[in-house]
Amino acid sequence: MAELSEIDPLLLSQYINGFFGYGNYGGRWWFVGMEEGGGKTIDEIQRRLSIWCDRGKHELEDVAAYHLQLGEQQLFTDPVKSQPTWNKLIRIVLSAGGAPLDLEIVKAYQRDRFGRWNGDTCLMELLPLPSRSTGDWLYSNLSAVPHLTTREVYREKYAAKRAAHIRQQIAEHRPAGVVFYTVNTWYKEWWEQIAGRSFAADEIDGQPYYTTADAHTRYFIVKHPVSHGVSVEYFHHIGQRFRI
């Protein structure tokens, strides 16, 4: 098992500052989340960093190629296992395009198109380090990398710089839609900074969402796809609102 001291602090710092997610900046649909998932063990974190390094330290990775190297074949080879977060985000894309929302179609989109370099989606994270949940923090003993002592210190150090970069990419590439997926108050403030405007509150079947727009892009803040009580229909309806 890898030890904390075996993680190259320079590579970790490069990853924090240089990895933003998956897919294609030229994509029509962008999704921005809280942080990269996974990171259950130090071994897994080490593998993620090593693969990112070996593949060229890209700012955006191809989600399938990267995860296949991680050993997660079940997400991209038949019979495809639906990934719970991606499932709901894909439903937004399909609904916005008026496509059928059958589970097999959702899984086929996950396998072939979602988060791909040649696809129509861009998946970004405000914070890059993989973590099993917001209650876990495995990085506090990496003393060679500053600002990782606590999750709070890490957020304060890196969120503003990464938010500014995401905002710059949106301004440059002008996607049709950007969906931020969590309504948590701390993150909502960052979503407003990235969009450069305030959001209006609304509801779908008693569940909150927020929306705003500029001349080129419509923005939504929605509940996290694995939030308790949120249904697939909620995400179907968000997609429909892109057509209004």
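Preceding block: the structure.
Residues numbered from 1 in each chain as written. Predicted model: local features only at pLDDT ≥ 70, side-chain atom pairs only at ≥ 80, totals over all residues. Heavy atoms only, no water.

A. Expanded view of the overall build of the chain. From N to C terminus, the chain includes 8 helices and 8 strands. In terms of overall size, the chain behaves like a compact globule, its C-alpha atoms giving a radius of gyration of 18 Å where 244 residues would be expected to give roughly 18 Å. Oriented by its inertia axes, the alpha-carbon framework of the chain measures out at about 50 × 40 × 35 Å. Sorting the 244 residues of the chain into buried and exposed places 51% on the buried side. Expressed as a percentage of contacts within the chain between residues at least 6 apart in sequence, the contacts between residues at least 24 apart total 70%. Carbon and sulfur atoms make up 48% of the accessible area of the chain, which totals about 10900 Å². Considering the chain, the positive charge centre built from 27 side chains and the negative charge centre built from 29 side chains are found 4 Å apart. (Helix = DSSP H or I, 4+ residues; strand = E, 2+ residues; numbered from the N terminus. Rg over C-alpha atoms; globule rule 2.2 N^0.38 Å. Buried < 20%, exposed > 50% of the residue type's maximum accessible area, 1.4 Å probe, protein only. Contact = heavy atoms within 4.5 Å. Areas by Shrake-Rupley, 256 points an atom, 1.4 Å probe, with all protein chains shown as cover. Lys, Arg positive; Asp, Glu negative; His and termini not counted. Charge placed at Lys NZ, Arg CZ, Asp CG, Glu CD.)

B. Local environment of the pattern of salt bridges. Applying the stated criterion across every chain, the model contains 10 salt bridges. Among the ionic pairs, Arg111 bridges to Asp78, the shortest N-O distance being 2.9 Å. Here Arg111, found in helix 5 (residues 103-112), pairs with Asp78, found in the loop between helix 3 (63-70) and helix 4 (84-96); they are 33 residues apart in sequence, far enough to count as distant. Arg111 sits in the partly exposed class, given a relative accessible area of 24%. With a relative accessible area of 56%, Asp78 lands in the exposed category. Across the pair Lys107 and Glu104 runs a salt bridge, and its minimum N-O distance is 3.3 Å. Placement of both Lys107 and Glu104 in helix 5 is noted, with a separation of 3 residues, approximately one turn of the helix. Assessed through its relative accessible area of 16%, Lys107 is described here as buried. One continuous salt-bridge network, built from bridges that share partners, spans Glu36, Glu44 and Arg48. (Salt bridge = Lys/Arg side-chain N within 4 Å of Asp/Glu carboxyl O.)

C. Expanded view of the side chain of Thr121. You can see Thr121 is positioned in strand 4 (residues 121-127). There is a polar contact of 2.8 Å between the side chain of Thr121 and the backbone nitrogen of Gly115. Setting aside residues up to four positions removed in sequence, Thr121 forms contacts with Tyr22, Gly23, Asn24, Gly27, Trp29, Phe31, Val93, Tyr109, Arg113, Phe114, Gly115 and Arg116. (Polar contact = N/O pair within 3.5 Å; in protein donor to acceptor, adjacent residues only side chain to side chain.)

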